[in-house]
Amino acid sequence: MSVNLRYCGTQQAMDVESSKYKNSVLNRDDTQLTDSTQSTEQQVQDHAASINAVRCHNNINSDEELLLSTPTDAEKAYLKDVKMQSVVFIEDAVQYRSIHHKASKFSLTLYRWYRSASIQYVIKLATFIILMLAFIEEPSSLSWSSDPRRNCKRFELPHGITEGIEILCLVILTVSNIIQGYLSTHKESQVPFLKRNPWLTGGFIVLLLSFADVIVSLVLGNDSYRIRIRRLFRPYFLVQNTTMLKKTLKAMWNTLPEIASVLTLLSLHLYFFTMLGMLVFPHRTANSTAINGDEFNNTEWKLYFRTIDNAIMSLLVLLTTANNPDVMMPAYSENRLYAIYFILFSLIGTFLVFNLLTAIIYNQFRGYFKCSMQTSYFRRCVALSAAHHSLCKATAVVKGQNYMELDQPLASVCIIQEVLRKASLSPEQRRHVYTALKEACDNGLTELNLDLFNNLFRNIDSSFHLSILPKAQVPVWTSKVMKFIQKLVQNRYFDVAGNFVVLLNAILMTVEIAIHYEEAFKGVFSRLNIMNYVFVGYYFIEQTLKMLSLGKKYFVNINCLYDGAITVALVVIELVQLSKYGHSSPASVRGLSLWDCARIVNILVLLRLLRIIPHFRPMALVTGVLLDIIRSLKSFAGIIIIIYYTFAIMGMIVFENAISPPPGLPFPKANSALTTMPPPPEYECGTYQQLQYWANNFNDFASSVVVLWDVMVVNNWGVFLQAYKAEVNSWSQLFFVIWWLISSVVCVNLFVALILDHFIAKWEGDSRERTENHRGTIQSLFQNHLHQPSQERIQKELRKHPCLQSDVTC
């Protein structure tokens, strides 16, 4: 469609008409922008409206004022569609999304509705619920203990309830997939749907299998059908609907060849020392202990090196130092030279190969992840170019020009502001864009080329802390007493004194907790307990003075609200305790006593001391880096959730009720003299049974997660290997070894490597930027390593979109 309309009037005439009040309004705009540094989203939008009023009055009052004649309905519809395309492309750029979706009027409306916060919240909620079903479906995790000796009754929902909830969630996810499939399908596209949308295709397959498995569960019942294979596929929905998780998994998959090479080296190391150990250690048939060197002790061989699988598992656990020095002691007791074998094994495997693996994972994964981030950045550049393309078309329509005949397309600032008002941006993003847009307007620009338009979104990922503190005013008192109180509270030494009192309270609380259960210090404890009322009284007076001094500003300050809530809770608990027990603590209560609750609240008061961190630069930098890492590495936490969920379900399928205590084995009573029951004599020391690990099992989802955590930490994980080998079979050890490789070797090393990279980058260079803004996305980790794609590549990608191939609408 080609629209050729005539330009009405000259720019000079409109500038003369508005010159009388131009400077005054501009000055008001500058003041508003300065105040918006700590404004809310509504203030940012009001500021944008004021800029729009000024700039458009001085340049282009409205689209229709540029038209000599009244535009036709077709021209109005075309202009509206082009602006809608610009809005969607800007939103795609902000979220690093691809622009290769349908761009017709209905499709764009559906696309914006689907990408809206409310709909995405529903999809995320459905994904969350379907994952959380593992805790409440049979076997339920809703019991006080997972120890089978206690016979705790599980809370079980009636049959069909969890299946009904799951079907509802699956329906929501199915509708989501259908909408995605509809929006991503182009008649002009020559790429097959499967190749273009592999994750979406996999989603349809998983949904089909899940629906079929739910029907089988409803027909047979969960008692008969225990496998429920659909539970293994649930993490797929989390990955499919999280872009960063898909990128992380892809990067991990591409890193596997390098990881496999190091694991091969580790396997050779393990094999060599296994064979050497089976030959070196004495393995005669004699079973007696060596006496004066007359006879060899073969205990080492019998316990750890009798068979190949036993030797491999013993050394594998030794790699993690979980059985050190237990595995060495029988041979070392016989001859001290045997220690050389174990020291060399640990030195090469644990301290050399494992650290080499960390370095390789860091280097290779970071390289692949950097490429993935470059792809995301390229999508943003393409989306911004597409948005500028549509804005230039809208500007050409308004000015009565033919877009295809323009040498250098320009986008009107007035139209850009109109489009930005409609785009879904966060308050921080909107503030950064409008700040850059005002700078362009202050430089006298009324139209922006592509480079200037891209510059508007340069800091779009930077976080900016908005505050409503400027709205709240400090009261102005006429009373001398109130003026004195206000001056006292506003003095910086008032907070210093408060922190000193908190520090004294911390010292007192430490002593108080240490002697709480000591009979010899009972009198001292009672006197120390009285001192707590002094601290509580100080906190109450302090917060009252702050409330009188700050007025409404007290109730919009997060620190003040936190201190006030903690103080109120502490006063209430202490008063209740004083009225019920006096100055002493109850001798014995079941669960938490009021004294315990008061001390817990006291610990929360101690968090006030964290506010001194910004005053110490090294500590502030370390703390800031820690917070940035937590904020930026959310996708890696998703990876941990996925592997934990998958392996927990697999463990339940394979090992449910695999280990059970002997019938009649008692559970230690809470009031027994011994903390644990004496083990039966047939249980060997250090075994699963002797250590009473009965609560560590795969009988429900929650206990399965705990077992996986225990194995990942690798402390005593050899106990689980031996127990399940004895109760199931030798192949059961493979499950735990694979889990250890994925969780402890790969993922933990990956976390360490990326945390180091982030910390080093912040420590060496980014500390200078922290006074200006704070990066808030995972892309910021690699920002300094990303390069601007060429315009030729961007234009080539734009030409793949049907709506951007020519001056037509879809």
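Reading the values: rules and limits
- Residues numbered from 1 in each chain as written.
- Predicted model: local features only at pLDDT ≥ 70, side-chain atom pairs only at ≥ 80, totals over all residues.
- Heavy atoms only, no water.
- Helix = DSSP H or I, 4+ residues; strand = E, 2+ residues; numbered from the N terminus.
- Buried < 20%, exposed > 50% of the residue type's maximum accessible area, 1.4 Å probe, protein only.
- Areas by Shrake-Rupley, 256 points an atom, 1.4 Å probe, with all protein chains shown as cover.
- Core = buried A, V, L, I, M, F, W, Y, C linked by side-chain atoms within 4.5 Å.
- Contact = heavy atoms within 4.5 Å.
- Expected span 1.5 Å × (residues − 1).
- Polar contact = N/O pair within 3.5 Å; in protein donor to acceptor, adjacent residues only side chain to side chain.
- Salt bridge = Lys/Arg side-chain N within 4 Å of Asp/Glu carboxyl O.
- Patch = residues over 30% accessible without salt bridge, like charges linked within 9 Å, V, L, I, M, F, W, Y side chains within 5 Å.
- Phe/Tyr/Trp six-rings, centres within 6.5 Å; stacked < 30°, edge-to-face > 60°.
- pLDDT = per-residue confidence, 0-100.
- Axes fitted to C-alpha atoms, helices over the stretch in contact; angles between N-to-C directions.
- Parallel < 35°, antiparallel > 145°, perpendicular 65-115°, else oblique.
- Left-handed = near helix turned anticlockwise from the far one by under 90°.
- Nonpolar A, V, L, I, M, F, W, Y, C, P; charged D, E, K, R; others polar.

Our focus in this paragraph is the overall build of the protein. Tallying secondary structure elements over the protein gives 29 helices and four strands in all. Taken across its 810 residues, the protein has 46% of its residues classed as buried. Here the protein has roughly 42200 Å² of accessible surface; of this, 63% comes from carbon and sulfur atoms.

Turning to the nonpolar core, a few remarks are in order. Among the nonpolar cores identified, the biggest contains 105 residues, and F305, W717 and F736 are the most heavily contacted of them. What F305 contacts, discounting residues up to four positions off in sequence, is T274, G277, M278, F281, E300, N310, A311, L315 and Y341. Of all hydrophobic cores here, the second largest spans 45 residues; its members include Y78, V398, A423 and V433.

Here we take up helix α26 (residues 701–713). Under the 1.5 Å per step criterion, the end-to-end length of α26 is 19 Å for 13 residues, consistent within 8% with the ideal 18 Å. Turning to α26, its buried residues are F701, S703, S704, V707, L708, V711 and M712. Between the side-chain oxygen at the start of α26 and the backbone nitrogen of A702 there is a gap of 3.2 Å, and the oxygen is on D700. After α26 finishes, the residue V714 shows a positive phi value of roughly 65°.

Applying the stated criterion to the full structure yields 19 salt bridges. A salt bridge links R97 to D92, with the shortest nitrogen-to-oxygen separation between them at 3.1 Å. On the accessibility criterion, D92 (0% relative accessible area) is buried. For K800, the salt bridge is made with E797, and the minimal N-O distance between the two is 3.3 Å. Using a relative accessible area of 16% as the deciding quantity, one classes E797 as buried. Connected through salt bridges with shared partners, the residues E137, E166, D213, R230 and R234 form a single ionic network.

Bringing the side chain of S549 into the picture now. Inspection of the secondary structure assignment puts S549 in helix α21 (residues 522–550). Taking the relative accessible area as the measure of exposure, S549 reaches 1% and is therefore buried. Excluding anything up to four places from it in sequence, S549 contacts V474, P475, I485, Q486, V489 and Q490.

Below, the discussion takes up a nonpolar patch on the surface. A cluster of nonpolar side chains, Y121, V122, L125, F128, I129, M132, I161 and I165, forms an exposed patch at the surface whose accessible area comes to about 670 Å². Contributions of two or more residues to the nonpolar patch are made by α6 (117–136) and α7 (161–184). Per element, the largest residue contribution to the nonpolar patch is six residues, and it comes from α6. Along the chain, the position of M132 falls in helix α6. Judged by relative accessible area, M132 falls into the partly exposed class, the value being 32%.

Turning our attention to the packing of aromatic side chains. Per the counting criterion, the structure on display carries 34 aromatic pairs. With a centroid separation of 4.8 Å and 85° between ring planes, the pair formed by F135 and F701 is classed as edge-to-face. Here F701 lies in helix α26 and F135 lies in helix α6, a separation of 566 residues in the sequence. Under the relative-accessibility criterion, F135 is labelled partly exposed at 27%. Since its relative accessible area comes to 3%, F701 is described here as buried.

With that out of the way, let us pick up the side chain of R234. Looking at the element boundaries, R234 is found in helix α10 (residues 234–240). Within the structure, R234 has its side chain in polar contact with the side chain of Y645 (distance 3.3 Å). Every residue in contact with R234, bar those within four places of it in the chain, is listed here: I130, L131, L133, A134, E137, E166 and Y645.

With respect to the helices, strands and loops of the structure, P661 is situated in the loop between α25 (634–655) and α26. For P661, a relative accessible area of 16% corresponds to the buried category. Between the alpha carbons of P661 and W694 there is a distance of 6.9 Å; along the sequence they are 33 residues apart. Once residues within four sequence positions are removed from consideration, P661 is found in contact with P148, R149 and W694.

Below, the discussion takes up the confidence of the model for the protein. Looking at the protein as a whole, the pLDDT averages 79, with 77% of positions reaching at least 70. Every residue in residues 47–69 scores below 50 in pLDDT, and together they form 61 contacts with partners more than four places removed in sequence or on other chains. Note on residues 767–774: pLDDT is under 50 here. Beyond four places in sequence and across chains, it has 15 contacts.

The subject of this paragraph is the packing of helix α15 (residues 339–399) against helix α29 (residues 791–798). The packing of two helices is summarised by the inter-axis angle and the distance between the axes. Where α15 contacts α29, the two axes come as close as 10 Å, and the packing angle between them is 70°. Classified by the angle their axes make, α15 and α29 are roughly perpendicular. Crossing geometry of α15 relative to α29 is assigned as right-handed. The segment α15 lies against α29, with F378, C381, V382, S385 and A386 engaging R793, I794, E797 and L798. The class makeup of the residues in the contact of α15 with α29 is six nonpolar, one polar and two charged.

Take helix α17 (residues 427–442) next. With 16 residues, α17 should reach 22 Å at 1.5 Å per residue; the first-to-last C-alpha distance of 22 Å fits that figure. A large share of α17 lies buried, amounting to twelve of its 16 residues. In the stretch just after α17, G444 is the one whose phi turns positive, near 85°.

Bringing the environment of K393 into the picture now. By secondary structure assignment, the location of K393 is in helix α15. A relative accessible area of 1% places K393 in the buried class. For the pair K393 and A411, spaced 18 residues apart in the sequence, the C-alpha separation amounts to 8.0 Å.

All right, on to unusual backbone geometry then. E138 connects to P139 through a cis peptide bond whose omega is 0°. Mapped onto the elements, P139 comes out in the loop between α6 and α7. N324 connects to P325 through a cis peptide bond whose omega is 5°. By secondary structure assignment, the location of P325 is in the loop between α13 (308–319) and α14 (329–334). Despite not being glycine, Q692 has its phi angle at roughly 55°, a positive value. If you trace the backbone, Q692 turns up in the loop between α25 and α26.

Take the packing of α25 against α26 next. At a minimum axis separation of 9 Å, α25 and α26 run at an interaxial angle of 110°. The orientation of α25 relative to α26 falls into the category roughly perpendicular. For the pair α25 and α26, the crossing hand works out as right-handed. Contacts between α25 and α26 involve Y644, Y645, F647, A648, I649 and M652 from the first element and F701, S704, V705, L708, W709 and M712 from the second. Its residues placed into classes, the contact of α25 with α26 shows eleven nonpolar, one polar and no charged.

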